[in-house]
Amino acid sequence: MALKQQLQLKQQQKLSPMQMQVIKLTELPVLELEERIKQELEENPALEEGLEPNDNSEYDDEYGSEDDTNISQEDLTLGDYMNEDEIPDYQLRDNNRQGVGKQEEIPFSVAASLHEYLIEQLGECELNDENQKVAEYIIGNIDESGYLDRSLSAISDDLIFQQNIDIPVSRLEEILKVIQDFEPAGIAARNLQECLLLQLGRKEKSEIVDYAINIITNLFDEFTKRHYDKIIRQLNIDEEILKEVIQEITTLNPKPGNNWGDSLSITLSTIVPDFTVDSYGGELFLSLNNRNIPDLRVSREYSELFKGFSDNKESMSADSKNTVLFVKQKLDSARWFIDAIKQRQDTLQRTMQAIMDMQYDFFLTGDESQLKPMILKDVAQRTGYDISTISRVSNSKYVQTSFGIYSLKYFFSESMQTDTGEEISSREVKAILKECIENEDKKKPLTDDKLSEILNERGYIIARRTVAKYREQMNLPVARLRKEI
């Protein structure tokens, strides 16, 4: 086979390391940005926390004198030598309580997850080794809502192949019943019906509870479809008793696992606003949340080290050249990261300023009807950024106002026209829909067709399918499922 040479000319766009840094950092909300900065500070020795020193005295103050770094033997405690792996388990649990007179916080405290809580309860059961392993495997298949999301036959197959345990489904059923007696009530259910029955089974016996068990067991389909007339006829009860039964059922938890979560999920569910918009004397003022974001600088020590190597290029050995390459990479990475952080902050500031200017009346009054139609393209045109950049900025970001905390996505909505030709936001229509549904007769809830007629009468020309779309976006059920007795 002959070798050939061929020239090819083509255009190709490549992102620089700096651009890639900016793209990644722009997407991060403030909490994740703080963690990303901490990670970079740990991984890159050429990156330091603090402002650039202007002279040697400031530099010495920042790093401390030799006297400051001397620690006496009495200052050292056992805790300075212990790592997390050596700390007893009981000190790592956040449900461990200190004595009354000693409220010392344990720095390594981690909230117990649902699975850990179930395993703890399993330890109190008298099961043999094989059943213990099987129970642990079942618990491992319980999802975050508290349901067993795998069939017992599939679990039986898994145990044969993975742990060489041949166990029939009937025995799995017995072990599952042991787990279903654990707290919280309703745990390890295979469907909603079983979850509700498990909770009702722990209730104090009464006529209402008996009716509730009967309905969930034998009339579950009628109950979920709100066919209350059929239930009344089947059980031969009046509306007042049925109301009490429904009240009893609605106090049950359809997702028992949701009350439990590990410390990470609790942290991630905490909303920390990236922006703050304050109103003073009819004017708005925007600020970024930089409270826990440190100032960053390039290490003077590494810069001087690189300069020293650069001045002696001719007499440099192979090892020295590798050292220079390492130092240069770390210095470049530190500069890129610092510049990327600055560019991220500038991008967020300009984007949020454009959103605030377009929704000025809302930020002043908090009135949802003052929201104007706005899409990503509108903000992109005002800022000069690409639409993808605006999408990254608005993703997972929040702004704190005098009226509450809002996701940036909240301010983006479609444009609609009234019968007079006036452009309005779809949020205004959704607000009217919600008001109509909240004030409807629950015995005869409004259908989508009727809601469309009401909106048309008010000057909003909207089809029934659009009403259905908006209702679903607001997580409002259809008329049949909103019916009450």
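Residues numbered from 1 in each chain as written. Predicted model: local features only at pLDDT ≥ 70, side-chain atom pairs only at ≥ 80, totals over all residues. Heavy atoms only, no water.

- An unreviewed UniProt entry annotates the protein chain as RNA polymerase sigma-54 factor of Dysgonomonas mossii DSM 22836.
- Recorded under Sequence similarities (unreviewed entry), the UniProt text for the protein chain is reproduced unchanged: "Belongs to the sigma-54 factor family." (UniProt positions renumbered as here; feature names shortened; annotations may be inferred.)

1. Re the packing of helix α2 (residues 30–43) against helix α16 (residues 318–358)
No. 1: Contact geometry for α2 and α16: axes closest at 11 Å, N-to-C directions at 165°. Classed by the angle they form, the pair α2 and α16 counts as roughly antiparallel. In the packing of α2 onto α16, the handedness of the crossing is left-handed. When α2 is examined against α16, the residues Val 30, Leu 33, Arg 36, Ile 37, Glu 40 and Glu 43 are found in contact with a partner set consisting of Lys 330, Ser 333, Phe 337, Ile 341, Arg 344 and Gln 345.
No. 2: In terms of residue class, the contact of α2 with α16 is made up of five nonpolar, two polar and five charged. (Axes fitted to C-alpha atoms, helices over the stretch in contact; angles between N-to-C directions. Helix = DSSP H or I, 4+ residues; strand = E, 2+ residues; numbered from the N terminus. Parallel < 35°, antiparallel > 145°, perpendicular 65-115°, else oblique. Left-handed = near helix turned anticlockwise from the far one by under 90°. Contact = heavy atoms within 4.5 Å. Nonpolar A, V, L, I, M, F, W, Y, C, P; charged D, E, K, R; others polar.)

2. A few points about the pairing of strand β2 (residues 275–280)
No. 1: For β2 and strand β3 (residues 283–288), the ladder comprises six bridges, and the chain directions are antiparallel. Its bridge partner being in β3, Tyr 280 is matched across the sheet by Glu 283.
No. 2: Linkage of β2 to β3, two consecutive antiparallel strands, is achieved through a turn of two residues, within which Gly 281 is found at a positive phi near 55°.
No. 3: Both β2 and strand β5 (residues 398–401) contribute to a ladder of two bridges, which runs parallel. Each bridged residue has a counterpart across the sheet, and for Thr 276 the counterpart in β5 is Gln 400. (Pairing = 2+ DSSP bridges.)

3. Some points on the environment of Asp 378
No. 1: Along the chain, Asp 378 falls in helix α18 (residues 376–383).
No. 2: Judged by its relative accessible area of 25%, Asp 378 falls in the partly exposed class.
No. 3: Through-space distance from the C-alpha of Asp 378 to that of Ile 355 is 9.2 Å; in sequence the pair is 23 residues apart.
No. 4: For Asp 378, the contacting residues outside a window of four places in its chain are Met 358 and Pro 373. (Buried < 20%, exposed > 50% of the residue type's maximum accessible area, 1.4 Å probe, protein only.)

4. As for helix α9 (residues 192–200)
No. 1: Taken together, the buried positions of α9 are occupied by Glu 194, Cys 195, Leu 196, Leu 198, Gln 199 and Leu 200.
No. 2: Where α9 is buried, its residues meet α8 (169–180), α10 (207–218) and α11 (220–224).
No. 3: Sitting at the amino-terminal end of α9 is Asn 191, which places a side-chain oxygen 3.2 Å from the backbone nitrogen of Gln 193. (Polar contact = N/O pair within 3.5 Å; in protein donor to acceptor, adjacent residues only side chain to side chain.)

5. Examining the confidence of the model for the protein chain
Low pLDDT marks regions whose predicted coordinates should not be analysed in detail.
No. 1: For the protein chain, per-residue confidence averages 79 on the pLDDT scale, and 80% of positions sit at 70 or higher.
No. 2: The secondary structure element of the protein chain with the lowest average pLDDT is helix α4 (residues 66–69), at 38, and the one with the highest is α9, at 93. (pLDDT = per-residue confidence, 0-100.)

6. A look at the sheet that holds β2
No. 1: With mixed pairing, four strands are arranged side by side in an open sheet as β3-β2-β5-β6. The sheet is open, and its two edges are formed by β3 and β6 (404–407), each paired on a single side. Along the sheet, successive strands turn relative to each other by an average axial angle of 25°, direction set aside.
No. 2: Set on the sheet, α16 makes contact with β2, β3 and β5; between it and β3 the angle comes to about 155°.

7. Focus on the pattern of salt bridges
Any two side chains of opposite charge can pair, given that their charged atoms come close.
No. 1: One pass over the full model with this rule turns up 19 salt bridges.
No. 2: Where Glu 35 meets Lys 38, a salt bridge forms, and the shortest distance between an N and an O atom there is 3.8 Å. Taken together, the residues span about one helical turn, with Glu 35 and Lys 38 both in helix α2 at a distance of three residues.
No. 3: Classification of Glu 35 by relative accessible area gives partly exposed; the value is 47%.
No. 4: You can call Lys 38 partly exposed: its relative accessible area is 46%.
No. 5: The salt bridge involving Glu 130 is made with Arg 171; its shortest N-O contact spans 2.8 Å. Taken as a pair, Glu 130 in helix α6 (residues 129–140) and Arg 171 in helix α8 lie far apart in primary sequence, 41 residues in all.
No. 6: Each of the salt bridges in this network shares a partner with another, and the network as a whole consists of Glu 173, Arg 190 and Glu 194. (Salt bridge = Lys/Arg side-chain N within 4 Å of Asp/Glu carboxyl O.)

8. Examining the packing of α16 against helix α19 (residues 387–394)
No. 1: In the contact formed by α16 and α19, the axes pass within 10 Å of each other and the chain directions differ by 90°. Comparing their axes, α19 and α16 come out roughly perpendicular. Residues Thr 347, Leu 348 and Thr 351 of α16 lie in contact with α19, whose contacting residues are Thr 389, Ile 390 and Val 393.
No. 2: Split into classes, the residues belonging to the contact of α16 with α19 amount to three nonpolar, three polar and no charged.

9. What about the environment of Glu 428?
No. 1: Residue position: Glu 428 is located in helix α20 (residues 426–438).
No. 2: Along the sequence, Glu 428 and Pro 373 sit 55 residues apart, while their C-alpha atoms lie 9.8 Å from each other.
No. 3: Discounting chain neighbours no more than four positions away, the residues touching Glu 428 are Ser 369 and Tyr 460.

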